[in-house]
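Structure assessment
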Amino acid sequence: MDTIKSFKGYGKVDPAEEAAFRKKTRKRLIILLVSVLVLVVIIVGAAAGTILHNNNNSKSSSKPPSSATSSAAALKAVCKVTQYPDSCYSSISALNLKNTTDPEELFRISLRVVMDSIQSLSSTLAAKKNTTTAKKALEVCQIVLDDALDRLNDTLSSMEASGEAGQKKNKILSLTKLDDLKTWLSTTITDQETCVDALGELNATALIGDSMNKPAQHASNSLSIVAKILGVLAKFDVPGNRRLLGIGHTAGHGFPEWVSSGDRRLLQEANPTPDVTVAKDGTGDCTTIGEAVGKIPKKGINRFVIYVKAGEYMENNILDKSMWNVMIYGDGKDKTIVSGNLNIIDGTLTFSTATFAAVGKGFMAKDMAFKNTAGAEKHQAVAFRSGSDFSVFYRCNFDAFQDTLYAHSNRQFYRECDITGTIDFMFGNAAVVFQNCNIQPRQPLANQFVTITAQGRKDPNQNTGISIQKCTISALGEVNAPVYLGRPWKDFSTTVIMQSNIEAIVKPLGWIEWVSGVEPPSTILYAEYENTGPGAALEGRVKWAGYRVPFTAEQASKFSVESFIQGSTWLPATNVVFDSTL
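As the structure is a prediction and not an experimental result, all values here were calculated from the model. (Residues numbered from 1 in each chain as written. Predicted model: local features only at pLDDT ≥ 70, side-chain atom pairs only at ≥ 80, totals over all residues. Heavy atoms only, no water.)

With parallel pairing, 8 strands are arranged side by side in an open sheet as 3-6-9-12-15-18-21-24. If you trace the sheet from one side to the other, it starts and ends with strand 3 (311–314) and strand 24 (501–502), each paired once. Of the strand pairs in this sheet, strand 18 (residues 438–441) and strand 21 (residues 472–473) are connected by 2 bridges, and their pairing is parallel. Each residue of the ladder has a partner; that of Ile 439, found in strand 21, is Ile 473. (Pairing = 2+ DSSP bridges. Helix = DSSP H or I, 4+ residues; strand = E, 2+ residues; numbered from the N terminus.)

It is worth spelling out the environment of Ala 430 at this point. With respect to the helices and strands, Ala 430 occurs in the loop between strand 16 (423–428) and strand 17 (431–435). Sequence separation of Ala 430 and Gln 462 is 32 residues, and the distance between their C-alpha atoms is 9.7 Å. Sequence-distant contacts of Ala 430, that is, excluding residues within four places in its chain, are made with Ala 407, His 408, Ser 409, Asn 410, Gln 412, Gln 455, Thr 464 and Gly 465. (Contact = heavy atoms within 4.5 Å.)

Right, let's talk about the pairing of strand 6 (residues 336–340) for a bit. For strand 6, the buried fraction is high: 5 of the 5 residues fall into the buried class. Alternating positions in strand 6 separate into two faces, Thr 336, Val 338 and Gly 340 on one and Ile 337 and Ser 339 on the other, with burial throughout. Bridge analysis of strand 3 against strand 6 gives 4 bridges, and the strand direction is parallel. If you follow Gly 311 over to strand 6, its bridge partner there is Thr 336. Of the pairings in the sheet, the one linking strand 6 to strand 9 (residues 369–372) comprises 4 bridges and is parallel in character. Bridge pairing in strand 9 links Gly 340 to Asn 372. (Buried < 20%, exposed > 50% of the residue type's maximum accessible area, 1.4 Å probe, protein only.)

Residue Pro 550 is bonded to the preceding Val 549 through a cis peptide linkage, with omega at 0 degrees. Along the chain, Pro 550 turns up in the loop between strand 26 (547–548) and helix 10 (553–557). For Asp 367, which is not glycine, the phi dihedral falls at a positive 55 degrees. On the secondary structure map, Asp 367 appears in the loop between strand 8 (364–366) and strand 9. Residue Asp 367 is classed as buried on the basis of its relative accessible area of 10%. Look at Asp 403: it is not a glycine, yet its phi comes out positive at around 60 degrees.

With that out of the way, let us pick up the nonpolar core. In terms of nonpolar packing, the biggest core is built from 59 residues, with Phe 363, Phe 398, Tyr 414, Ile 419 and Phe 434 touching the most fellow members. Filtering out sequence-adjacent residues up to four positions away, Phe 434 remains in contact with Leu 405, Tyr 414, Ile 419, Met 426, Ile 466, Ser 467, Ile 468, Gln 469 and Cys 471. In terms of nonpolar packing, the next biggest core, distinct from the first, is built from 52 residues, Ile 208, Leu 223, Val 226 and Ala 454 among them. (Core = buried A, V, L, I, M, F, W, Y, C linked by side-chain atoms within 4.5 Å.)

Here we come to the state of the cysteines. By definition, a disulfide is the covalent link that joins the sulfur atoms of two cysteine residues. Inspection of the entire model under this criterion finds 2 disulfides. There is a disulfide in this structure between Cys 79 and Cys 88, and the S-S distance comes to 2.1 Å. The S-S bond linking Cys 79 to Cys 88 shows a torsion near -70 degrees; that makes this disulfide left-handed. Cys 88 carries the same exposure label as Cys 79, and that label is buried. In this model Cys 141 forms its disulfide with Cys 195; the gap between the sulfur atoms is 2.0 Å. (Disulfide = S-S within 2.5 Å.)

Here it is, written out as structure tokens:
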């Protein structure tokens with residue numbers, strides 16, 4: 001792998017152009033900062049000014065001061081930053097029985113609004129499940145909406161912090177906690193979008209009509225409040241919105257404070273002592289992975305380790321949202337193989353085709369291969385799907401054709417993995433970093449082209465995207481079809497490839513539209529930074545408004561492990577080597 005100092009000049013920009021771009025960027029940042037500060041002043045001032053006015057009036061009137069006016073002013077200011085201010089104001093004010101002006105409390109109420117609307121939608125769809133040919137899609141909807149409700153409960157729970165004994169609970173918002181809130185709300189939006197996608201695969205979106213609009217708008221509103229209000233209040237330490245000091249604080253041995261000492265010792269071992277051993281020849285505790293999965297405790301706090309001995313295991317497994325802190329490892333990515341062949345052509349929806357799926361938080365996989373052998377002619381056929389927050393994949397192989405690796409949601413990290421496929425074979429809407437991986441396009445069907453990535457960011461405030469750093473992009477065998485780095489799947493798709501070696505297999509255009517001949521919206525963010533190799537030259541790249549050239553070191557750093565997935569606060573506990581910055 002080339003170092004930063006050995007780059008041969010691909011992607012370099014004229015110094016004068018870069019200086020002009022930096023000046024323009026600084027100007028935009030200053031305008032944005034001033035706008036945000038003005039907004040904070042409006043929120044705080046609206047509440048404080050109205051209360052002061054009411055207090056002054058109360059001195060000359062027998063009427064008690066009213067909080068309704070101040071509450072309305074504060075709520076309007078908060079909702080002004082959202083994508084749907086009218087629905088934000090009407091829905092929150094209906095539940096704001098105490099007429100609070102506290103932005104944090106208004107955010108809590110907004111979460112209640114989201115939960116109520118998703119529960120209502122889920123009940124509506126459940127009632128239709130047995131009366132339609134789209135039953136499989138509604139089953140996917142039931143799974144993801146249930147997951148969304150679980151994430152919302154996590155979001156509410158994370159805002160609870162106990163004060164001194166006998167005192168009222170305090171609300172404490174650290175920047176780290178805000179990252180959690182943004183991640184889980186981003187996942188809530190992704191879950192809803194997954195339901196729509198599943199129905200779309202069966203041409204059955206008419207079943208939901210516009211009933212998805214309210215839950216989607218409410219979730220977007222809550223995410224906007226986190227991203228644009230609570231984040232600013234935390235950074236500027238506005239009174240009444242204290243933030244914890246020591247962001248990224250670790251306990252002993254460089255691990256986050258939430259990792260127990262026993263777990264730290266376990267994770268530092270090269271080959272952890274397993275709780276369950278799987279062996280096809282009967283020399284372990286189980287002969288199938290599915291049997292071992294059945295032994296995983298629900299919402300376990302301690303790491304549960306599954307060791308899978310060498311062999312090919314023909315089975316499909318799902319580790320649902322209740323299976324926390326599971327680690328599965330094998331004897332090597334060419335020796336321990338999990339294999340399946342579910343696919344969309346034979347009647348399984350994309351979401352459900354995964355040979356292996358992990359949803360519960362803290363999942364880890366090491367030294368294993370996950371395959372879907374359905375083949376190119378079966379179209380969508382997923383080898384692995386992850387919706388696990390803080391999931392890590394080390395020295396793994398993901399092998400399939402179309403839609404190989406579904407990085408569905410939450411924060412994920414892949415190191416020294418092999419990923420092979422044809423169309424959109426690295427896709428989803430997680431906040432995901434691939435580091436030191438081998439990304440290998442393979443020959444598709446006749447008249448098809450290859451797209452490596454398809455990123456699915458739907459909302460401007462989601463903290464999601466695909467970051468590919470220090471990887472190698474090269475062909476798996478002979479590939480005669482056109483190969484592109486990716487295509488934008490949704491309106492705010494975000495993909496950055498940096499410091500990677502790109503072989504000549506990639507077309508000079510680099511990227512391709514989702515719909516042929518239709519330029520993607522300017523709201524996408526696609527970029528390349530300091531890549532090397534014959535396929536990395538930028539001169540012939542697309543001219544989309546959302547393709548960012550030049551892309552500076554400052555901009556690229558936002559997609560590093562430390563910045564993009566807050567890796568420095570949780571990856572040390574996994575005992576997996578990683579580069580935190582550029």
